[in-house]
Amino acid sequence: MFDSAKAQLAANTVRMLSADAVQKAKSGHPGMPLGCADFAVTLWSKYLRVNPKNPAWIGRDRFVLSAGHGSMLLYSLLHLFEFGLSIDDIKEFRQWGSQTPGHPEYGHTDGVDVTTGPLGSGFASAVGMAIANRNFAARTGLDKTGLMNHKIFVISGDGCMMEGCTGEAASLAGTLALDELVVFYDDNSISIEGSTDLAFGEDVAARFAAYNWRVIKVDNANDIAKCDAALAQAVESDGRPTLIIGKTRIGFGAPNKEGKASAHGEPLGAEEVEALRKHLNMPAEPFTVPQEVKEFCHARAEELEAQAADWEKRFEAFLEADSERAKLIYSFLNRTVPENIQDELLKVIDVSKPVATRATSGAVLQKAAELVPALFGGAADLAPSTKSNVKDGGDFSRDNYAGRNVHFGVREFAMGLAGNGMALNGTAIPYTSTFFVFSDYMKPAIRLAALQHLHEIYVFTHDSFYVGEDGPTHEPVEQIAMLRSIPGLTVIRPAEAHETAQAWAAALQADGPVALLLTRQDLAPFDAETAKKVDVSKGAYVISDDEETDIVFIATGSEVNLALEAAKILRESGVGVRVVSMPSQELFLEQDYDYQDSVLPPDCMCYVSIEAGSTFGWHRFIGRDGLAIGLDHFGASAPYKVLAKEFGFTPEGVIERIKDHFICSAEDDDCGCGCGCEDDDCGCGDCGCEHDHK
């Protein structure tokens with residue numbers, strides 16, 4: 001029997017813990033926890049199925065605090081319901097090394113299912129959780145058992161409703177009929193600047209009804225009985241995701257700040273906290289949990305542990321009844337990748353003719369999907385171009401949740417965040433795909449994936465100005481530097497078929513997010529002898545070398561073959577050249593210094609990087625005096641071979657840039673400097689004259 005009086009006391013305890021913690025930290029957002037405490041405590045004490053002793057239990061409901069600024073709401077709940085967060089942790093809110101950072105962080109605090117903070121990101125990630133769970137259950141037969149019918153509860157706010165990613169994700173969720181989603185919209189009509197009327201006047205209920213969501217309205221969500229009634233209705237599915245629109249008062253209970261913008265993003269103030277305490281009739285000592293609340297929450301924690309134990313018994317019985325099905329289930333839960341994955345992927349590549357790396361990637365994906373059941377994803381309406389469909393995998397839809405191809409629609413931002421949720425569900429290695437230039441729309445999602453150390457794969461095609469006729473709007477330039485600047489993200493730009501297969505192997509075996517950058521245009525494959533040298537796992541390797549090295553080329557992707565052609569011309573002039581393929585700067589920098597020096601000799605004075613993108617960041621490898629050949633301007637609309645010539649991405653263009661950069665800079669053409677080589681035109685610049693050399 002649900003005890004609403006004790007639940008009310010627990011809600012007021014959440015309010016005081018939140019207000020006290022924010023006040024002690026002199027930083028935080030007290031208004032949202034005070035306003036949402038009634039709904040949250042009702043949810044956690046009666047409806048949410050979790051296991052405090054095993055926060056990662058696969059059978060649990062998920063709880064997503066999309067309005068992550070209200071983190072003290074979640075921390076208070078984790079403390080009260082015995083997830084191991086102590087009262088001392090609560091007191092250390094927002095402090096160095098604490099378990100209670102300013103916004104919830106997945107992997108940092110037990111019981112946090114997703115890192116939130118950027119508004120709307122939690123909402124969209126929850127949609128991805130639902131997608132992954134539906135697919136896992138359908139492909140393993142668990143959908144027929146009732147073992148995977150958990151809910152995904154989300155608390156969102158006005159800011160979440162304003163952010164575009166929420167609309168994208170909500171539209172997708174309604175299309176897919178993901179009825180495990182139950183979203184509470186904390187409709188308090190207040191934002192940082194004041195009333196939401198300043199910038200937000202739409203009918204949210206009508207919008208979500210148009211998205212094919214069920215909408216439940218609660219005129220006073222600071223009333224536990226009304227919250228209970230709404231949740232009771234919401235957990236009984238009608239085949240649609242559910243939005244509960246709950247009218248609340250921000251800063252509820254604070255006599256002088258309730259309903260005001262000043263309650264949103266700053267401490268209430270010592271006097272107001274004390275006024276709140278008196279108004280709620282709570283104990284005088286800060287950070288106090290009444291004994292009644294401890295007993296109420298402990299009883300619920302014990303009930304939850306018993307429910308989880310019963311689930312585990314039923315799950316084990318299901319596994320024992322079918323060993324082959326059990327093997328499949330474990331391959332999802334462990335996200336198993338065969339140890340020989342690279343050898344297997346190399347077997348399917350076509351090296352008989354030039355092939356675009358996007359096409360090779362598509363062939364490799366088929367084999368990878370066969371060997372890795374957990375691999376699951378799709379594209380933002382571009383699968384025919386990005387070659388990212390699993391053939392015969394079926395379409396993931398409201399009529400076929402076992403399909404392996406997710407059609408995200410033209411929703412790159414929601415796709416990226418949904419990919420994060422798919423990874424967080426614990427049953428998938430998700431991949432998402434679009435043209436590289438549109439990674440701009442996904443940047444916040446990619447950053448959050450890296451922050452959470454999520455294992456997912458981005459398949460970005462049409463990776464340079466070689467897109468050609470589509471012009472500068474579709475030709476990525478600075479995007480590669482953007483991705484490389486994200487801590488924890490591995491970027492791989494393979495040069496041809498062998499490197500592409502190895503890049504996929506590295507991505508599947510990674511322990512964080514990986515971006516694969518792939519070409520539209522065909523690239524010649526390495527010959528058999530050269531292919532033996534390929535080692536994408538090291539990030540960079542020597543692909544062609546002379547006994548004496550005067551100049552070192554470092555190239556990536558489509559420019560590796562260009563470097564090889566330019567090297568051939570230089571060698572005909574007597575210049576010793578080393579060509580290095582560097583598909584991944586990140587993987588190369590993980591190698592020890594001895595290996596790095598063996599590839600990029602420190603005593604070489606002439607380094608040249610070649611990449612059809614921004615030169616930003618290349619001087620860390622080529623040195624201050626090195627030559628970075630790239631594109632530090634936007635592209636143009638023309639056939640790609642014309643662009644290559646105009647932008648200097650031909651062997652002759654590369655040689656001309658080298659001569660301009662490394663030859664003596666004296667204005668006097670008759671200075672007579674010489675390097676001592678038999679060929680006075682070698683251009684090595686090692687003459688010892690009094691003039692400066694580039």
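The residue count restarts for each chain, going from 1 along the sequence in the order it is written. Restriction of local features to residues with pLDDT of at least 70 applies here, the model being predicted, together with a cutoff of 80 or more for giving and counting side-chain atom pairs; totals for whole chains, interfaces and linings are based on all residues. To get the side-chain values, take all heavy atoms of the structure and skip hydrogens and water.

(A) Looking closely at the overall build of the protein chain. A tally of helices and strands in the protein chain yields 26 helices and 21 strands. A compact globule built from 694 residues should have a C-alpha radius of gyration of about 26 Å, and the protein chain, at 29 Å, falls within 12% of that. Overall, the C-alpha framework of the protein chain stretches about 95 × 60 × 45 Å when taken along its three principal axes. Throughout, exposure labels follow a simple rule: accessible area from a 1.4 Å probe, protein chains only, divided by the maximum for the residue type, with under 20% read as buried, over 50% as exposed, and the rest as partly exposed. Residue burial in the protein chain is summarised as follows: out of 694 residues, 60% are buried. Contacts: residue pairs with any heavy atoms within 4.5 Å of one another. Relative to all contacts within the protein chain whose residues are 6 or more apart in sequence, the contacts with residues 24 or more apart total 76%. Runs of H or I in DSSP of at least four residues are treated as helices and runs of E of at least two as strands, each being numbered from the N terminus. We compute the radius of gyration over the C-alpha atoms and compare it with the globule rule, which gives 2.2 Å times the number of residues raised to the power 0.38.

(B) Expanded view of the side chain of Gln521. Checked against the element boundaries, Gln521 lands in the loop between strand S15 (514–517) and strand S16 (522–523). A relative accessible area of 6% means that Gln521 is categorised as buried. Apart from the residues lying within four places of it in its own chain, the contact partners of Gln521 are Ala356, Thr357, Tyr466, Ser558 and Tyr640.

(C) Main features of the nonpolar core. Joining through side-chain atoms within 4.5 Å is the link that ties buried Ala, Val, Leu, Ile, Met, Phe, Trp, Tyr and Cys residues into a set, and such a set is a nonpolar core. Core analysis: the largest hydrophobic core is formed by 97 residues, its most contacted members being Phe553 and Phe649. In terms of residue count, the dominant contributor to this core is helix H19 (residues 497–508) (7 residues). Apart from residues no more than four positions distant in its own chain, Phe649 is found in contact with Phe465, Tyr466, Glu559, Leu562, Ile610, Glu611, Ala612, Ile629, Gly630, Leu631 and Ala644. With 65 residues, the next largest nonpolar core counts Ala130, Val154, Phe200 and Ala445 among its residues.

(D) A look at the environment of Ala308. For Ala308, the location among the structural elements is in helix H11 (residues 291–320). Using a relative accessible area of 1% as the deciding quantity, one classes Ala308 as buried. When the C-alpha atoms of Ala308 and Arg335 are compared, they prove to be 23 Å apart, with 27 residues separating the residues in sequence. Residues in contact with Ala308, not counting those within four places in the same chain, are Asn51 and Trp57.

(E) Up close: the side chain of Ser331. Examined against the element boundaries, Ser331 turns out to sit in helix H12 (residues 323–333). Looking at Ser331, the relative accessible area reads 10%, which means it is buried. As used in this structure description, the phrase polar contact means that two N or O atoms lie within 3.5 Å; if the pair is within protein, one of them must be able to donate a hydrogen and the other to accept it, and residues adjacent in sequence are counted only when both atoms belong to side chains. A polar atom in the side chain of Ser331 sits 2.5 Å from the backbone oxygen of Leu328. Beyond its immediate chain neighbours, meaning those up to four positions away, Ser331 contacts Thr336, Pro373 and Ala374.

(F) A look at helix H14 (residues 357–371). Multiplying 1.5 Å by the residue count of a helix minus one yields the expected span of that helix. In a regular helix each residue adds 1.5 Å, so 15 residues correspond to 21 Å; H14 covers 21 Å between its end C-alpha atoms and thus fits that length. The element H14 is largely enclosed, with a buried count of 11 among its 15 residues. Along H14, the residues that are buried comprise Thr357, Arg358, Thr360, Ser361, Gly362, Val364, Leu365, Gln366, Lys367, Ala368 and Ala369.

(G) Representation of the packing of helix H2 (residues 31–47) against helix H3 (residues 71–80). Direction vectors running N to C along H2 and H3 enclose 40 degrees, while the axes themselves pass 9 Å from each other. Crossing handedness for the pair H2 and H3: right-handed. Seen from H2, the contacting residues are Met32, Pro33, Cys36, Ala37, Ala40, Val41 and Trp44; seen from H3, they are Met72, Leu73, Leu74, Leu77 and Leu78. Under this grouping Gly is polar, as are all residues other than the nonpolar Ala, Val, Leu, Ile, Met, Phe, Trp, Tyr, Cys and Pro and the charged Asp, Glu, Lys and Arg. Looking at the contact of H2 with H3 residue by residue, the classes come out as 12 nonpolar, no polar and no charged. The axes used here are C-alpha line fits, helices contributing only the stretch in contact, and every angle between their N-to-C directions lies in the interval 0 to 180 degrees. By definition, any crossing whose near helix is turned counterclockwise from its far helix by less than a right angle is left-handed, and any crossing with a clockwise turn is right-handed.

(H) Representation of unusual backbone geometry within the structure. Despite not being glycine, Asp392 shows a phi value in the positive range, around 65 degrees. Relative to the helices and strands, Asp392 is located in the loop between helix H15 (383–386) and strand S10 (395–396).

(I) How the structure looks around the packing of aromatic side chains. Planes of paired rings set the category: under 30 degrees apart is stacked, over 60 is edge-to-face and the rest tilted, where pairs are Phe, Tyr or Trp rings (Trp by its six-membered ring) whose centres lie within 6.5 Å. The tally for this structure, following the rule as stated, stands at 25 aromatic pairs. Geometrically, the ring pair formed by Phe123 and Trp213 is stacked, given 5.7 Å between the ring centres and 25 degrees between the ring planes. With a gap of 90 residues between them, Phe123 in helix H5 (residues 121–140) and Trp213 in the loop between helix H8 (204–210) and strand S6 (214–218) connect regions that are remote in the sequence. One exposure class covers both Phe123 and Trp213, and it is buried. With centroids separated by 5.1 Å and ring planes inclined at 90 degrees, the aromatic side chains of Phe465 and Phe647 adopt a geometry described as edge-to-face. Here the residue Phe465 occupies a position in the loop between strand S13 (457–461) and helix H18 (479–484), and Phe647 occupies one in the loop between helix H25 (640–646) and helix H26 (651–662), the gap between them amounting to 182 residues. Per residue, the accessibility class of Phe465 equals that of Phe647, and both read buried. One residue, Arg134, lies across the ring of Tyr401, its end atom 4.4 Å from the ring centre. Whether a charge sits over a ring depends on NZ of Lys or CZ of Arg being within 6 Å of the ring centre and within 35 degrees of the ring normal.

(J) Broad picture of the packing of H2 against helix H9 (residues 224–234). Where H2 meets H9, the axes come as close as 9 Å, and the angle between the chain directions of the two elements is 55 degrees. Judged by the angle between their axes, H2 and H9 are oblique. H2 and H9 meet at a crossing whose hand is right-handed. Listed contacts from H9 to Asp38, Phe39, Thr42, Leu43, Lys46 and Tyr47 of H2 are Ile224, Cys227, Asp228, Leu231 and Ala232. Looking at the contact of H2 with H9 residue by residue, the class counts come to 7 nonpolar, 1 polar and 3 charged. Convention used here: angles under 35 degrees read as roughly parallel, angles over 145 as roughly antiparallel, angles from 65 to 115 as roughly perpendicular, and any remaining angle as oblique.

(K) Layout of the pattern of salt bridges. One side-chain nitrogen of Lys or Arg within 4 Å of one carboxyl oxygen of Asp or Glu is enough to make a salt bridge. The tally for this structure, following the rule as stated, stands at 32 salt bridges. Here Lys247 ties to Asp187 by a salt bridge, and the two come within 3.5 Å at their closest N and O atoms. In this pair, Lys247 sits in strand S7 (residues 242–247) while Asp187 sits in strand S3 (residues 181–187), placing the two residues 60 residues apart along the sequence. Under the relative-accessibility criterion, Asp187 is labelled buried at 13%.

(L) Up close: the pairing of strand S2 (residues 152–157). S2 sits mainly inside the fold: 6 of its 6 residues count as buried. Sheet analysis places strand S1 (residues 62–65) next to S2, joined by 4 bridges and oriented parallel. Along S2, the bridge assignment pairs Leu65 with Ile155. We call two strands paired when DSSP finds no fewer than two bridges between them. Where S2 lies against S3, 6 bridges are found, and the strand directions are parallel. In the strand pairing of S3, Val154 is matched with Val183.

(M) Fine view of the environment of Asp228. Among the structural elements, Asp228 can be located in helix H9. For the pair Asp228 and Asn334, spaced 106 residues apart in sequence, the C-alpha separation works out to 37 Å. In this structure, Asp228 is in contact with Phe2, Thr42, Lys46 and Tyr47, ignoring residues within four places of it in sequence. A distance of 2.4 Å separates polar atoms of two side chains, one belonging to Asp228 and the other to Tyr47.

By themselves these figures say nothing about function.
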